[in-house]
Amino acid sequence: MRESASVLRLHKDASFHEADALAEKNLLRDVRPHGKDAPSLNGQDIRLDRLSKSFGNRSVLSDLDLVIPAGQLLAIVGRSGCGKSTLLRLIAGLDRPTSGTIAIGGAEVQSLQPNVRLLFQDARLLPWHRVLSNVGIARTKGWQETAAAALADVGLDDRSNDWPAVLSGGQAQRVALARALVSRPGVLLLDEPFGALDALTRMEMHRLLERIWREHGFTTVLITHDVAEAVALADRVLVIRDGGITLDLPVDLPRPRREGADTAAVALQARILEEV
Amino acid sequence: MVGPSHLHGTGAAALRTLASWALPIVLLIAWEIASRSGVLSTRLLPAPSAVAAAFWESLRNGTLLTHATISTERALKGLFIGGGIGFVLGVLAGVSRPAEIVFDSSMQMLRNVPHLAIIPLVILWFGIGEEAKIFLVAIGTAFPLYLNTFHGIRTVDPKLIEMARVYGLGPVPLFWRVILPGAMPSILVGLRFSLGLMWLTLIVAETISASSGIGYMTMNAREFLQTDVVVLGIIVYALLGKLADFITRLLEARALAWHPTYRRTVTRGATS
Ligand SMILES: Nc1ncnc2c1ncn2[C@@H]1O[C@H](COP(=O)(O)OP(=O)(O)OP(=O)(O)O)[C@@H](O)[C@H]1O
Ligand SMILES: [Mg+2]
């Protein structure tokens, strides 16, 4: 009980920080537009053109065409082994496609890029670095300040001096999110980042991700097994099956969304489940 | 953890310490009585009091310190040379496939040779000078560090390496911030093995051929039937070994402070 109460308090603190951070940004530059209704300053569009990937003889993705507009939050669902992680690794530049091209912000992806960040299912923090130096892993100039700001953004500024081993799963994932935010990426790729969390923590993480996405405006690709999660977060949901896209469904529900309480959301979930 | 329960905790700990010392103390007293009553010949085993007297005497005339210093110097020189080579080769083989192909099978083959078996050869090569002993210690300490460094680097979580690449770490920061710390627990295990072999090798080498050092001191004493000095030499070796072990523990506590297992043992050690 005490644990969950302190998490809630952290969240309240976090919203104060959010207000502070926003006020500061407004002093420094023009008001940043939020959400999908306005074009984002930060987000970059992603184009896949006849993208195919096979491992040996087994074709995993075949002739995929897809345009993800800048700033969109796209969710991808599909059965285990249908190639979701493979697609994400291709977009991140961790693997090369067998054929076809990927372009981010108009430039073709040849290798790993600094404007694209990837969040894995496990947080992958370096256990021998404290939380703050994990967030500032790239050690860019003035990393202490930017890392501290990113930690404050996810509501964990009081844990900056802890070892990762003492964090809970949700906190570790929030640190990983802060680490991804430090470089202000144009694209954030998430590979089932909340899959290992309990339902309550997962909902908290949804709210956090939604808030930060609206604030930063990066293009987001979220892979998930959880259809409810996809409908709760995304502007658009794709279903991948047999190497291709079998459903491309816009989610026109008002934000901020309440999870599980909406009949329109339930109808969309049923629609997606039919295709998976 | 306040008040009575705390007091109870320290009381129980003190009692445990007392109990664990009881048997050695009883044995020591029995030994002393046996020696004094003549049941135990002092030509075979001296009385504890005689060992203590020999300790005091050798400390007073400076011979103990001289010999212990020389032994420690040989041990450390051998460790730095051998352990250093083992570590560097382990790192090279760990991070580069070509280096692995060149070194690893040779190292795996050589490590099966008991290094003390080459003593006759070493004496042929170096005579009985300093080099012979340092060479033997170096050979003995190189392999544990090589094997554990190589193994440690190869078992660093590949997911962490992939993450570091995504965050743009080049090969040099990747090595210092991900690979080396990840391999550190294993490297320190290797260091412990090396330290054990370091003393063992030195004892054998000094006993066979030396004109100084703790091993020489005991062999010399044997010729004059000074069993008290022989036993003293054995105790000094044990203490030096214990000291090396203690230093590695400190090193582990510092270098592995992030590690949940090590941190737990360190805190427990500090509170009890
Ligand atoms: N490096 C690889 N070598 C060979 N086959 C691979 C490799 N990576 C992935 N695959 C295969 O590609 C297919 C898709 O894998 P992928 O990891 O993309 O699935 P996924 O949709 O992410 O599944 P999950 O939901 O279980 O994570 C699987 O059949 C997998 O075995
Ligand atoms: Mg996957």
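Residues numbered from 1 in each chain as written. Chains lettered and ligands numbered in written order. Predicted model: local features only at pLDDT ≥ 70, side-chain atom pairs only at ≥ 80, totals over all residues. Heavy atoms only, no water.

You'll find chain B entered in an unreviewed UniProt entry as Aliphatic sulfonate ABC transporter membrane subunit, with Mesorhizobium ventifaucium given as the organism. Per its UniProt entry, chain B bears the Subcellular location (unreviewed entry) comment "Cell membrane". One UniProt comment on chain B, placed under Sequence similarities (unreviewed entry), says "Belongs to the binding-protein-dependent transport system permease family." (UniProt positions renumbered as here; feature names shortened; annotations may be inferred.)

Identification of chain A as Aliphatic sulfonate ABC transporter ATP binding subunit from Mesorhizobium ventifaucium is taken from an unreviewed UniProt entry.

Colleague: Account for the sheet that holds strand β5 (residues 107–108) of chain A, with residues named and values stated.
Modeller: Residue and element names in this part refer to chain A. Reading across from one edge, β2-β1-β4-β5 is the order of the 4 strands in this open sheet, with antiparallel pairing throughout. Every interior strand has two partners, whereas the edge strands, β2 (58–68) and β5, have only one. As paired strands, strand β1 (residues 46–55) and β2 are joined by 7 bridges and run antiparallel to one another. Each bridged residue has a counterpart across the sheet, and for Lys53 the counterpart in β2 is Leu61. (Pairing = 2+ DSSP bridges. Helix = DSSP H or I, 4+ residues; strand = E, 2+ residues; numbered from the N terminus.)

Colleague: Pulling in residues and values, what's your account of helix α6 (residues 130–154) of chain B?
Modeller: If you check α6 of chain B, its first and last C-alpha atoms are 36 Å apart, about what 25 residues at 1.5 Å a residue would give, namely 36 Å. Summarising burial for α6 of chain B: 18 of the 25 residues are buried, a large majority. (Expected span 1.5 Å × (residues − 1). Buried < 20%, exposed > 50% of the residue type's maximum accessible area, 1.4 Å probe, protein only.)

Colleague: Explain empty space enclosed by the protein residue by residue, including any values.
Modeller: Residues and elements named next belong to chain B. In total, this model carries 3 cavities of 30 Å³ or more according to the counting rule given. There is about 60 Å³ of room inside the largest cavity. If you trace the largest cavity, you find it lined by Ile119, Val122, Ile123, Ala132, Lys133, Leu136, Ala205, Ile208 and Ser209. For the lining of the largest cavity, the secondary-structure elements that each account for two or more residues are α5 (119–126), α6 and α8 (171–208). Its residues assigned to classes, the lining of the largest cavity comprises 7 nonpolar, 1 polar and 1 charged. (1 Å grid on protein atoms, 1.4 Å probe; cavity = no way out; pocket = protein on both sides within 12 Å on 5 of 7 lines; lining within 4 Å. Points joined across faces, edges and corners; volume = space filled by probe spheres on them. Nonpolar A, V, L, I, M, F, W, Y, C, P; charged D, E, K, R; others polar.)

Colleague: Outline the sheet that holds strand β6 (residues 116–119) of chain A, listing residues and values.
Modeller: Residue and element names in this part refer to chain A. Here 6 strands make up an open sheet; going across it, the order is β6-β7-β8-β3-β9-β10 and the pairing mixed. Two strands bound the open sheet, and with one partner strand each, they are β6 and β10 (244–250). Across the sheet, the axes of successive neighbouring strands diverge by a mean angle of 20°, strand direction being ignored. Alignment of strand β3 (residues 73–77) against strand β8 (residues 219–223), held across 4 bridges, turns out to be parallel. Looking across to β8, one finds that Leu73 is bridged to Thr220. Across the sheet, helix α5 (residues 169–181) lies against β6 and β7 (187–191), angled at about 175° from β6, the strand it touches most. (Axes fitted to C-alpha atoms, helices over the stretch in contact; angles between N-to-C directions. Contact = heavy atoms within 4.5 Å.)

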